[in-house]
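# Fold and geometry: a report
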Amino acid sequence: MSDAARHAGGSAAASTDAPELSVLIVNYNSWRVCVDAVQSLLENPPTRADGAQMPFEVIVVDNNSPARDGEAESRLRQVLDRCGGTLVEHDENGGYSKGMNLAYRHARGQWLLVSNPDVLFLPGTLDELLRYAETHADAGAVAPAGYWDRGLECRLPPNILPTLGDLWAVTRAGISPAAARRYSTRRCRDAVAVWREDQATDLTMLSGCCFLMSRALIEQIGFFDERFPLYYEDTDISVRIRRAGRRVVHLPSARLVHLYNRSGETAHGEAMARYWVSRRAYYRKWYGPVGGWLQDLSRWFLATRRAQAWAQRPTHENVNVLPTSQDKPVIGLPRVMPYLVEISLDPRFYLAAGILGSGTEWSPSDALFANFGPATYYFRVCDLSGDEPREIGIWRYTRVYPDEWMQPPGGGSEQAEESVSGERS
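Residues numbered from 1 in each chain as written. Predicted model: local features only at pLDDT ≥ 70, side-chain atom pairs only at ≥ 80, totals over all residues. Heavy atoms only, no water.

## Let's talk about the packing of helix α1 (residues 31-43) against helix α2 (residues 70-82)
Each pair of packed helices can be described by the angle between their axes along with the distance between the axes. Relative orientation of the contacting elements α1 and α2 amounts to 20°, with a least axis distance of 9 Å. What the angle tells us is that α1 and α2 run roughly parallel. Of the two elements, α1 crosses α2, and the hand of that crossing is left-handed. Each of W31, R32, C34, V35, D36, V38, Q39 and L42 in α1 lies in contact with α2, whose residues at this interface are E71, A72, E73, R75, L76, V79, L80 and R82. (Axes fitted to C-alpha atoms, helices over the stretch in contact; angles between N-to-C directions. Helix = DSSP H or I, 4+ residues; strand = E, 2+ residues; numbered from the N terminus. Parallel < 35°, antiparallel > 145°, perpendicular 65-115°, else oblique. Left-handed = near helix turned anticlockwise from the far one by under 90°. Contact = heavy atoms within 4.5 Å.)

Take a look at the structure:
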C-alpha cells in the first residue's frame, strides 16, 4: 500500500466471520454513484450455495479525486461501515490498474469481484456469478450481462479482442466507408449472437466494469498490469486468463445495470494520452516489437492529412434524420418483425448498445430515455427474421433540452468511454 494511503470506515458490522468475497471498486469523482453501487450491494448481498449469508467486504479506493462531495463521501462511509467496508484514499491518480491493485492488497476474500462505481447490483447477480465459478473450475473469470438502463431494455456490447488482424481492419475502416460497414456489420453479428444466448458463453475478453475471479488464479497469473495506465488492462488480463488454460465466461443469468458514462469530471485530453500509451503497451507486450511498430504506423497513417480527408466520407449514404427534439424518438418499421435497434454516438457503429424486440415501430421506454443526454445519437435497425441481422436503415436523432432545464447528472454529448482516472465506464 502507498505510504500516503489512508483508511476510513471499517467496523465489521455485517459479519464477524472472515470475508469469503471481496468487492473491489475504484472511485474517481464518482461519489454519488458509488454510494448507490454499494447500497445496491447491501440490498442484494451474496449467499452461499446452502442459502446462508456469505461474509463479504467492500473495498473502495479513491484515486485522489479532485472533486469532493462532503455529503456523498459521508454517505459512502456510512454504507461501507454497515458491511465492514474500507475506504482507501490513494495519494495519486495512478489509473485503474494501480487503484485495483491497491484494493487487492487490502482484500481478504477467496473470491474477488472487480467492479465499477457506476453499477447497480440486482437480485441474484452475485449468487449467479458465485455459483457458476464454484462449480466450473475451468472458469477463470465470470462476467454478468450488462444493461444500460434500470428497465433492462438496452444491452451493452461485448468487447472486441484487439489483434493484429483487428488493427488492420480498423485501419482500413478509418479510410474506407465500405471497410467501415464490413467491420461494424461483423461486430453487430457477433454482438447479436451473445445477446441472444441464454446460456453461459465463452468470450475472448471481458469488460472491466464487473467480473469475478478467484484469489488462487490471481496468485497464479497476477492481477492488473500497471503498464496500462488507462484502457487495455481488462484486455490484458483476459489474454492471461485464457493463456493459463482458463475460460472467460459471459453469464446471461447474472444481470447488472451499468450506468455507462456516469463518471464525474472527464479530462478527455489526458484520458486519450493514457489510452495511446496503453494501446502501444498492449501491442508491444503481446506481439513484440512488430506489434508496437504496426500500432505506431497505423496511428501515424490515420493522422495524415489524406487519411483524415478520406475519413470524412460518410459511412452510410442514406441516413434518415429524425426531428431535433426533447421528446422520445419514434422509428417506424415496414412490417411486424423481430428487430435489433443499435444505439451509438458514432455514425460508424464501432461501439453500440443493442435492444432486441418485435413489432412495427420502436421508441425507447421512459427508463431508457432518461439516460439520453443532449447529444446526437445514431440508430441502426436490423431485421432479425433470418439467420443473421439484415440492416433496415440508419436514423439520426439529436436530443436537446429547453434552455431553462438543467442537464441531468451523467448526461452529456462526449463519447468518452472512461474517465481519466482509469475508472471503467
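We are not done yet, so read on.
## Notes on the sheet that holds strand β15 (residues 390-398)
In a beta sheet, neighbouring strands are held together by backbone hydrogen bonds and run either parallel or antiparallel to one another. The strand order β11-β15-β14-β12-β13 describes an open sheet built from five strands, whose pairing is mixed. Taken across any chain shown, the strands that pair with only one partner, and hence form the sheet edges, are β11 (319-321) and β13 (353-362). Taking the axes of each pair of neighbouring strands and ignoring which way they run, one obtains an average angle of 30° across the sheet. Where strand β12 (residues 331-344) and β13 come together, nine bridges link them in antiparallel fashion. Note on β13: the bridge partner recorded for Y339 is G357. (Pairing = 2+ DSSP bridges.)

## Some remarks on the side chain of D346
Structurally, D346 can be placed in the loop between β12 and β13. Among buried Asp, Glu, Lys and Arg side chains, D346 stands out as unpaired, with R348 the closest opposite charge at 5.2 Å. (Buried < 20%, exposed > 50% of the residue type's maximum accessible area, 1.4 Å probe, protein only. Lys, Arg positive; Asp, Glu negative; His and termini not counted. Salt bridge = Lys/Arg side-chain N within 4 Å of Asp/Glu carboxyl O.)

## Remarks on the confidence of the model for the chain
Parts of the prediction with low pLDDT should not have their coordinates interpreted in detail. In this model, the chain carries an average pLDDT of 88, and 89% of its residues clear a pLDDT of 70 or more. By mean pLDDT, strand β1 (residues 6-8) is the weakest element of the chain at 45, and helix α4 (residues 125-135) is the strongest at 98. Low pLDDT, under 50, characterises residues 1-14; the stretch is placed with 36 contacts to residues that sit more than four places away or in other chains. Note on residues 404-425: pLDDT under 50 across the span, and 81 contacts to partners over four residues away in sequence or across chains. (pLDDT = per-residue confidence, 0-100.)

## Topic: α1
The first and last C-alpha atoms of α1 sit 18 Å apart over 13 residues, in line with the 18 Å expected at 1.5 Å per residue. For α1, the complete set of buried residues consists of W31, V33, C34, V35, A37, V38, S40, L41 and L42. On its buried face, α1 sits against β2 (21-27), β3 (56-62), α2, β4 (86-89), β6 (119-121) and α4. (Expected span 1.5 Å × (residues − 1).)

## As for the side chain of R187
Relative to the elements of secondary structure, R187 occurs in helix α6 (residues 177-196). On the basis of relative accessibility, which here comes to 6%, the residue R187 falls in the buried class. Contacts of R187, omitting those with residues within four sequence positions, involve I160, E342, F349, Y350, A352 and R380.

## Points about the environment of S74
Along the polypeptide, S74 turns up in helix α2. Look at S74 and you get partly exposed, because its relative accessible area is 34%. Sequence separation between S74 and V35 is 39 residues; the distance between their C-alpha atoms is 9.6 Å.

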